[in-house]
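Observations on the model geometry
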Amino acid sequence: MTTTWKERLLEQMPPDLAREIDVFEGQMELRKQGSLDERVFAESRLRRGVYGQRYDNGKRHDGIETRELEFPSADLVKGPDTRWDAPGMMRVKLPFGGLTVDQLNLLADVAEEYSDGILHITTRQDIQLHYIHIDDTPDLMRRLASVDVTTREACGNSIRNVTACQISGVCHDEAFDVTPYSQAMARFLLGHDDVQDFGRKVKIAFSGCEQHACGLVKMHDVGFLARTVEKDGQLVKGFMVFVGGGLGTVPHQAKVLADFVAEDKILPLTQAISRVFARLGEKQNRNRARLKFLVAKLGIEEFRRLVQEELETLPADERHTAYIDELDSYREEPARQGMILNGEPVPEAFYDWYRTNVYKQRQPGYSVVTVKLPLGDLTSWQTRQLADIAAEYVGDNIRTTVEQNIVLRWAPDKDLPQIYQRLAEIGLADAGANTIVDITSCPGTDTCKLGIASSRGLTAELSRRLVAKRAELPPAIEDLKIKVSGCFNSCGQHHIADIGFFGNSRRSGNHKVPHFQVVLGGEWENNAGSFGLAMGAVPAKLVPDVLETITNAYVSERGADELFQSWVERKGRREMKALLEPYMGLPTIDEQPQMFTDWGDSRIYSIADIGVGECAGEVVSLFSMEIARAESVHFDALIALDEGQYEVAEQKAYRAMLLAARALVRTRFLDVGDDPDNIVSEFKARFYDTELFFDPFAKGKFGRYLLERHDEPPTVVDKDRAHQTVEEAQLFIEATHAAEARINGVITS
């Protein structure tokens, strides 16, 4: 007799998760019958971790023309312009990145049975499975629930996965282990009534120490940094609390909400923050709806007052402190006794791997092994083998990392040679973890709807070249961080890398050329201590040469022990941009056809999109000349920002947006003149109100940067405000490039 997964797993699933999956399955049926609005269903689907994927609108450009993809369910959709049968992505939530052997084996099974057999680790310590049919998702969720894993609120406007440092609990520098606190926070907020009415998502992180990257709390909506204070002769545990940080298109550094909050107060505090955000956060304008915008709008003092006010009226909840009693019992059990290496013969290359992939725990005889995963991927087969290795040597002490790797904690030192050998046998013993060859990348154009350029293709090429010459790389660059995003949204965290790249495009004649914007000087350490700024866009195919030029210049020009950020700062934006300028020219497709393809993609950009536009056929058009002025003024704004001239930087950034808008307007109306009111009015009437300027996915977001700045100039300009306008101007210019190519070049892809 055949049984369903629902019947087979009924007793193994937590009842609340089982009920929610049943509800979702019922919603799927209503959508199929047309009884549930597609937009409502889309949000419900997202809150179950079921996400869209590239080409799910049923269209794909094959390099010649846009083709329709045929699906069995024809017009049935699972959201606006999202076909029911189109493969999608499922995101699996793993608080603090924690995994057990059973969970790893189950993930291997479901990846193989429902997906393409690949598990992808994300920068939020989640696991993503791609190419999943929505009809399979309820059973997939049930199987995950049977090993206490959920996809609930992995996407959508709620609390995303709560992250934490992967070496918390075994670190030498931490104040204390933040793992049980992150776990308690994730459980408390999962499905909580007060986190269901956000305008956008909220990301929370925990760090055990201040000086390392740790949990990156300064770039999170809400961050908790472990601290202890002495009170009445007793050491009291608690946290410094940050709010309003975030990357995205415009990065914001988090503000300190409280210097110290005792451990038994962090759950009600976060609930109060959630209530304030739900009540006052933006709901209509999605692009201003993150917590960082509310904190910036209100100011940290007013936000703090509102949170305190909310705390005073918060209903009593025994869950606020119930977890405190469990803290003392929280501990990880090693699978084996810790013993030191005893001088036995080791495999060739072991010590190279040991130097970069092994971290000595503070507990004698044990280490953390980092399993370096190229592109954050591992196959189902590798996952099962890795689960076997974990079961034998470390037990359930497994975690994912925000740099898209997996760590095995509590590995006995004496077993490290055997672990290395076992990992080598399954292709997972690459050295160089957490070094320049260990590059982070978002999915980009491989599967993401928003991808502009191939972040994974570029990352694979950079990794291949760097690994090939790794033995000869100068020591000065070994620890540099490289991070790549496929678009401006920073899923690859390019803002906090020493050297970051994010995808965009430029136009040459009637063709698009895939490009990457170069972002230099971000800081990974100190919990994402500072953000890098864009220096200029270069063709995708030239990025490897650009990287070599930058690293060679750093090696030859750096002072003794001078860090990369310090070198970038000392050189200044003008000199850094000069390094890039030899690579910034645009060839014609006849001169260098290889530049018109992206990494890992054989299609030629825009061959079928050639059309007759106002500037068609011109390699250097009027628009190209005028947009260059906007870029030049924007660069001056960057210089002013560097020099601490915040009002000047803000004004120049605004001026750059005006010039970019003027360049676009003049492709239709040459006599627009220089008056800002006229430029904005013409831009709004001709390109914004008509939605010609709208990005296919971000819609009018970038256009509003100019309209809002023009209508409401800031009354006070500090560093944060100047930085925000400079970043927005960069994105507005990028969007102008894209709009001009779509509108006037008849380039539609």
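Residues numbered from 1 in each chain as written. Predicted model: local features only at pLDDT ≥ 70, side-chain atom pairs only at ≥ 80, totals over all residues. Heavy atoms only, no water.

Some words on the overall build of the protein
Secondary structure summary: the protein contains 23 helices and 24 strands in total. For a compact globule of 749 residues, the expected C-alpha radius of gyration is about 27 Å, and the protein comes in at 26 Å, within 12% of that figure. With respect to the three principal axes, the spread of C-alpha positions in the protein is 75 × 65 × 60 Å. Counting over 749 residues, the protein shows a buried share of 59%. Taking the intrachain contacts of the protein between residues at least 6 apart in sequence as the baseline, contacts between residues at least 24 apart amount to 70%. A total accessible area of about 29,900 Å² is found for the protein, and carbon and sulfur atoms account for 48% of it. Treating the 88 positive side-chain charges of the protein as one cloud and the 115 negative ones as another, the clouds have centres 2 Å apart. (Helix = DSSP H or I, 4+ residues; strand = E, 2+ residues; numbered from the N terminus. Rg over C-alpha atoms; globule rule 2.2 N^0.38 Å. Buried < 20%, exposed > 50% of the residue type's maximum accessible area, 1.4 Å probe, protein only. Contact = heavy atoms within 4.5 Å. Areas by Shrake-Rupley, 256 points an atom, 1.4 Å probe, with all protein chains shown as cover. Lys, Arg positive; Asp, Glu negative; His and termini not counted. Charge placed at Lys NZ, Arg CZ, Asp CG, Glu CD.)

Side note on the pattern of salt bridges
Tallied over the entire structure, the rule returns 57 salt bridges. Between Arg-304 and Glu-301 there is a salt bridge whose closest N-O contact spans 3.0 Å. Separated by three residues within a single helix, Arg-304 and Glu-301 lie in helix H9 (residues 300-312), roughly one turn from each other. Overall, the relative accessible area of 28% leaves Arg-304 in the partly exposed class. Arg-464 is paired through a salt bridge with Glu-461; the nearest N and O atoms lie 2.7 Å apart. On the criterion of helical spacing, the pair formed by Arg-464 and Glu-461 is a turn pair, its members being three residues apart in helix H15 (residues 455-468). Assessed through its relative accessible area of 51%, Arg-464 is described here as exposed. By sharing partners, the salt bridges in this structure join Lys-6, Asp-22, Glu-25, Asp-139 and Arg-142 into a single network. (Salt bridge = Lys/Arg side-chain N within 4 Å of Asp/Glu carboxyl O.)

Section: the domain arrangement of the protein
Structurally, the protein comprises domain 1 (5-96 + 113-140), domain 2 (171-326), domain 3 (348-426), domain 4 (440-596) and domain 5 (622-744). Here domain 1 and domain 3 have C-alpha centroids that lie 32 Å from each other. Facing 10 residues of domain 1, the contacting portion of domain 3 comprises 15 residues. Buried area between domain 1 and domain 3, summed over both chains or domains, comes out near 1,100 Å², and the portion from carbon and sulfur atoms is 56%. By the criterion of area lost to domain 3, the three top residues of domain 1 are Leu-119, Ile-121 and Gln-125, representing 48% of everything that side buries. The interface formed by domain 1 and domain 3 includes zero salt bridges. Linking domain 1 with domain 3 are seven residue pairs in polar contact (both at pLDDT 80 or more), by the criterion used here. Classifying every residue of the side of domain 1 that touches domain 3 gives five nonpolar, five polar and no charged. (Domains from an automatic or database assignment. Buried area = accessible area lost by both parts, 1.4 Å probe. Polar contact = N/O pair within 3.5 Å; in protein donor to acceptor, adjacent residues only side chain to side chain. Nonpolar A, V, L, I, M, F, W, Y, C, P; charged D, E, K, R; others polar.)

Topic: the UniProt feature "domain: Nitrite/sulphite reductase 4Fe-4S" (unreviewed entry) in the protein
As recorded in UniProt, the feature "domain: Nitrite/sulphite reductase 4Fe-4S" (unreviewed entry) lies at residues 155-312 and 433-585. End-to-end, the C-alpha atoms of residues 155-312 are 31 Å apart, and along that stretch the chain is 30% helix and 22% strand. (UniProt positions renumbered as here; feature names shortened; annotations may be inferred.)

Focus: the sheet that holds strand E24 (residues 533-539)
Here five strands make up an open sheet; going across it, the order is E20-E21-E22-E23-E24 and the pairing mixed. On the outer flanks of this sheet lie strand E20 (440-441) and E24, each paired with one strand and no other. The sheet contact formed by strand E21 (residues 482-485) and strand E22 (residues 499-508) spans four bridges and is parallel. Each bridged residue has a counterpart across the sheet, and for Val-484 the counterpart in E22 is Phe-501. Lying on the sheet, helix H23 (residues 719-743) is in contact with E22, strand E23 (511-520) and E24; it crosses E22 at an angle near 35°. (Pairing = 2+ DSSP bridges. Axes fitted to C-alpha atoms, helices over the stretch in contact; angles between N-to-C directions.)

Some details on empty space enclosed by the protein
Applying the stated criterion to the full structure yields four cavities of 30 Å³ or more. Approximately 60 Å³ is the volume found for the largest cavity. Around the largest cavity, the lining residues are Thr-249, Phe-488, His-494, His-495, Phe-502, Val-519, Gly-532, Leu-533, Ala-534, Glu-727, Gln-730 and Leu-731. The biggest single contributor to the lining of the largest cavity is H23, with three residues. Looking at which domains feed residues into the lining of the largest cavity, each of domain 4 (440-596) and domain 5 (622-744) gives three or more. (1 Å grid on protein atoms, 1.4 Å probe; cavity = no way out; pocket = protein on both sides within 12 Å on 5 of 7 lines; lining within 4 Å. Points joined across faces, edges and corners; volume = space filled by probe spheres on them.)

Some thoughts on the environment of Ser-441
Mapped onto the fold, Ser-441 is located in strand E20. Separated by 19 residues in the primary sequence, Ser-441 and Ala-460 have C-alpha atoms spaced 9.3 Å apart. Dropping the residues within four chain positions of it, Ser-441 is found in contact with His-120, Gln-404, Ser-455, Arg-456, Thr-459 and Val-484. A polar side-chain atom of Ser-441 sits 3.4 Å from the main-chain carbonyl oxygen of Ser-455.

Section: the sheet that holds strand E1 (residues 50-51)
Picture the strands of a sheet paired through backbone hydrogen bonds; they go either parallel or antiparallel. Taken in spatial order, the five strands of this open sheet run E1-E6-E9-E8-E17, and their pairing is antiparallel. Strands with a single pairing partner mark the edges of an open sheet, and in this sheet they are E1 and strand E17 (377-379). Direction of pairing for E1 relative to strand E6 (residues 88-92): antiparallel, over a ladder of two bridges. Each bridged residue has a counterpart across the sheet, and for Val-50 the counterpart in E6 is Met-90. Packed on one face of the sheet, helix H4 (residues 101-114) meets E6, strand E8 (118-121) and strand E9 (127-132) and runs near 20° to E9.

Description of the layout of surface pockets
Roughly 1,500 Å³ of internal volume is contained in the second largest pocket. Lys-719, Asp-720, Arg-721, His-723 and Gln-724 are, among the 47 residues lining the second largest pocket, the residues nearest its centre. Looking at the lining of the second largest pocket, the elements that each hand over two or more residues are helix H8 (291-298), helix H18 (564-580), helix H19 (622-642), helix H22 (701-711) and H23. Within the lining of the second largest pocket, the residues separate by chemical class into 17 nonpolar, 13 polar and 17 charged.

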